[in-house]
Amino acid sequence: MTALPDRRGFFGEFGGRFVPETLMAALNEFESAYRRLRRDREFRRELDDVLSDFVGRPTPLTEARKFAEVCGVGRLFLKREDLNHTGAHKINNAVGQALIAKRMGKTRIIAETGAGQHGVATATACALLGLQCVVYMGEVDMARQELNVFRMRLLGAEVVPVSSGSRTLKDAINEAIRDWVTNVRTTHYIIGSVLGPHPYPMVVRDFQSVIGREALLQLRKKVNRLPDAGVACVGGGSNAIGLFHEMVKHPSIRLIGVEAGGRGPGPGDHAARFSGGALGVLHGTRSMVLQDEFGQIAETHSISAGLDYPSIGPEHAYLQSIGRIEYHDCNDGLALEAFHRLSEMEGIIPALESSHALGWLMRNPMPNAVVVVNLSGRGDKDVPQVAAHESR
Amino acid sequence: MNRVESLFRSLRKSKRCGVIAYVTCGDGDTVRFVEELEAAGADAIELGVPFSDPIADGPVIQAASQRALMNGTTIRDLFTIARAVRERSQIPLIAFSYLNPIMRYGMDRFANDAAAAGIDGVLITDLPPESADGTFRKAGLATTFLLAPTSTGARIRAVDRASRGFVYYVSTTGVTGTRSDLDPALITRLAEVRAKLRNPIAVGFGISRREHYELLRDQCDAIVVGSALVRAIEEKRSPGEALRGIVG
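Residues numbered from 1 in each chain as written. Chains lettered and ligands numbered in written order. Predicted model: local features only at pLDDT ≥ 70, side-chain atom pairs only at ≥ 80, totals over all residues. Heavy atoms only, no water.

Engineer: Just to check I follow, could you spell out the interface of chain A and chain B for this structure?
Structural biologist: By a widespread convention, an interface's size corresponds to the accessible area lost as its parts come together. Listed per partner, the contact involves 35 residues of chain A and 35 residues of chain B. With both sides pooled, the region where chain A packs onto chain B buries about 2,900 Å², and carbon together with sulfur makes up 55% of that total. Together, Glu21(A), Arg178(A) and Phe294(A) form the three largest contributors to the area buried by chain A at its contact with chain B, with a combined 25%. With its nearest N and O atoms 2.8 Å apart, the salt bridge here joins Glu21(A) to Arg155(B). When residues of the side of chain A that touches chain B are traced back to their parent elements, those giving at least two are helix 1 (24-37), helix 8 (169-183) and strand 11 (278-282) of chain A. (Contact = heavy atoms within 4.5 Å. Buried area = accessible area lost by both parts, 1.4 Å probe. Salt bridge = Lys/Arg side-chain N within 4 Å of Asp/Glu carboxyl O. Helix = DSSP H or I, 4+ residues; strand = E, 2+ residues; numbered from the N terminus.)

In structure tokens:
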């Protein structure tokens, strides 16, 4: 298989660079800085040091025996991205891009955030590296992820509420792009998922691919074999690509991405792009997009802010189109059930995002199989929301 | 000849700076606004297709898009409006859109239906020239691509090659919207860019005052006025009067 994306940033027919002209120079600059730095020994050492001494990598691979039994899975291993500093996989990419931004001489960082995890990770990386940080966040998400808003402010970031549209992740990205168009000369935009114009889907994937590399090594030590399946939740798709990237080349591994099934299959009630979406362009990339018959972007719903987005990373769309990854969805109720089960049975409170991967597994037994689930984040941030939801 | 191309040819011949007026389709009575704007001195009209996620637009045009969508406007209204204008006027019409609504409609189908409705040119904000094919050109439409203060020499050449009719120069790094002052580097930069172009050049983004027009009228082939007119519509004032206030 040839390396993707191609020179123009496409994964098959997906991906590319569909942005206003003002940003083209900055994207070219970012791409060439990245291509140079990823081969630069000093840069790689600096990144490795930050990942081990600050982020806390490698993260453990924990076997979940009791939960495996409930699911009907042979052996279940959780890749513990929840144990990263700041509590999710997002930090892997945030520190990587912040280091590049610094080398490019940018002094100001902007980011969007849905669940707040990417915003917290970016604010943390900026505090570490002495960069100014502005995070755009939809008002709906600010209400349901209040704790993360407070964390970002503690870390010295400015959090800008976004009140347009559905006031969630999609609208936060719109505002971040508008900021970037305006301040492009001094500012680097740290996109938090495998989304956006080329080279973001490639850069974010590369920084997150450490998840799958570690998991395969750890699994070899524990069971001396490849897993039979990898499962991860998919919003934009960065934690899933992070787990899958090293697994894609092994055809024996079944790969499953789990989207947000929300309240049900009706328009506006979910964020399941493969069952409800069509080919489109949103936020600079061509992929599967939830939209109406006239090309207006649809509203989405998920109990989990991090999965509440109408498009999906272009590499996911490509891997789905060639049949390498299967995508399913898990609804709000089932995700909540998994949230409780894992907490009670294994002593691990998962993020609502990751709970979708676990919820799907609860309904899809794989007896005798060795399965790795990416536990992309911890659920502390979701506790107040779940408590409020259940006292209703 | 295509109406956009002949407009710029005659502007060059008469050494006059043309005026392009932007309105969002479906935000009020668009056909009447076009008439008013033509009477107030507009040489061409940009018909904006409303989109749910207009990343290149500031608050004024965002709000207009939202109002138009709430009114039930779809891409089909662009054609209805163009046909209605064509019954009475030969003013050049340029469709101004984001890519997704056009992709969803079908690029070929859009090109043919636009040409049939009397539309003369297309400008898609988030479609850079390297991602465009010859679809619009084949249908006889003028194709305009954007240049920005950040565009490099190589990009200026690529945009010029891909454009037919005119090139649209974005006056400043930023989104659409009225501004009290233009970018101080604009005039110098504009001269540099213009010297490299084969195509005529129109300048837009932020042009909202008479002094902006006075400053630019000898520096480019046309100016584009958008948010100042859309705001007039929002405030139930006449967009024609607003345009006269700037270029009259």
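Engineer: Even after reading the chapter, I still don't get the nonpolar core, so can you show me in this structure?
Structural biologist: Ile45(B), Leu47(B), Leu78(B), Phe110(B), Leu216(B), Ile223(B) and Leu243(B) are the most contacted members of the largest nonpolar core, which has 68 residues in total. With seven residues, helix 4 (residues 75-86) of chain B is the single largest residue contributor to this core. With sequence-adjacent residues up to four places away left out, Leu216(B) is seen in contact with Leu182(B), Leu186(B), Ile187(B), Leu190(B), Val203(B), Ile207(B) and Ile223(B). Core analysis: the second largest hydrophobic core is formed by 66 residues, Leu27(A), Ala98(A), Tyr136(A) and Tyr200(A) among them. (Core = buried A, V, L, I, M, F, W, Y, C linked by side-chain atoms within 4.5 Å. Buried < 20%, exposed > 50% of the residue type's maximum accessible area, 1.4 Å probe, protein only.)

Engineer: Even after reading the chapter, I still don't get the pairing of strand 10 (residues 254-262) of chain A, so can you show me in this structure?
Structural biologist: Sheet faces and side chains relate simply in a regular strand, where the side chains alternate between the two faces. Residues and elements named next belong to chain A. Along strand 10, eight of the nine residues are buried, which leaves the element largely enclosed by surrounding structure. Two strands pair when backbone bridges link them, and strand 9 (residues 229-233) and strand 10 are joined in this way by five bridges, in the parallel orientation. Note on strand 10: the bridge partner recorded for Val 231 is Ile 256. As for the winding sense of the linkage, the β-α-β connection from strand 9 through helix 11 (residues 238-244) to strand 10 is right-handed. (Pairing = 2+ DSSP bridges. Right-handed = clockwise from strand over helix to strand, strands pointing away.)

Engineer: Sorry, what's going on with the pattern of salt bridges here?
Structural biologist: Note on pairing: side chains with opposite charge can pair once their charged atoms come close. Residue and element names in this part refer to chain A. Tallied over the entire structure, the rule returns 48 salt bridges over all chains. Residue Asp 269 is joined to Arg 263 by a salt bridge in which the shortest nitrogen-to-oxygen separation is 3.1 Å. Two residues, Arg 341 and Glu 344, come together in a salt bridge whose shortest N-O distance is 3.3 Å. With a gap of three residues between them, Arg 341 and Glu 344 both fall in helix 14 (residues 332-346), about one helical turn apart. Arg 341 sits in the partly exposed class, given a relative accessible area of 26%.

Engineer: Explanation requested: the packing of aromatic side chains in the structure shown.
Structural biologist: Any aromatic ring pair is given by two values, namely how distant the centres are and how the planes are angled relative to each other. According to the stated counting rule, one finds 15 aromatic pairs over all chains in the structure shown. Geometrically, the ring pair formed by Phe79(B) and Phe110(B) is tilted, given 5.7 Å between the ring centres and 50 degrees between the ring planes. Note that Phe79(B) is positioned in helix 4 and Phe110(B) in helix 6 (residues 107-116), a separation of 31 residues in sequence. Taken individually, Phe79(B) and Phe110(B) each receive the classification buried, so the pair is uniform in this respect. Ring pairs connect the aromatic residues Phe30(A), Trp180(A), Tyr189(A) and Tyr200(A), which therefore count as one cluster. It is Arg109(B) that lies over the ring of Tyr105(B); its NZ or CZ is 3.8 Å from the centre. (Phe/Tyr/Trp six-rings, centres within 6.5 Å; stacked < 30°, edge-to-face > 60°. Lys NZ or Arg CZ within 6 Å of the ring centre and 35° of its normal.)

Engineer: How should I be thinking about the sheet that holds strand 6 (residues 132-138) of chain A in this particular structure?
Structural biologist: Pairing between sheet strands relies on hydrogen bonds along the backbone, with the strands arranged either parallel or antiparallel. Residues and elements named next belong to chain A. One open sheet accounts for four strands, arranged 7-6-5-8; its pairing is parallel. Two strands bound the open sheet, and with one partner strand each, they are strand 7 (158-162) and strand 8 (187-189). Ignoring which end each strand starts from, the neighbouring axes of this sheet average 25 degrees apart. Bridging between strand 6 and strand 7 involves five bridges; their strand directions are parallel. When the sheet's bridge partners are listed, Val 135 is paired in strand 7 with Val 159. On top of the sheet, helix 5 (residues 117-129) reaches strand 5 (108-113) and strand 6; it is set at about 165 degrees to strand 5, its chief contact. (Axes fitted to C-alpha atoms, helices over the stretch in contact; angles between N-to-C directions.)

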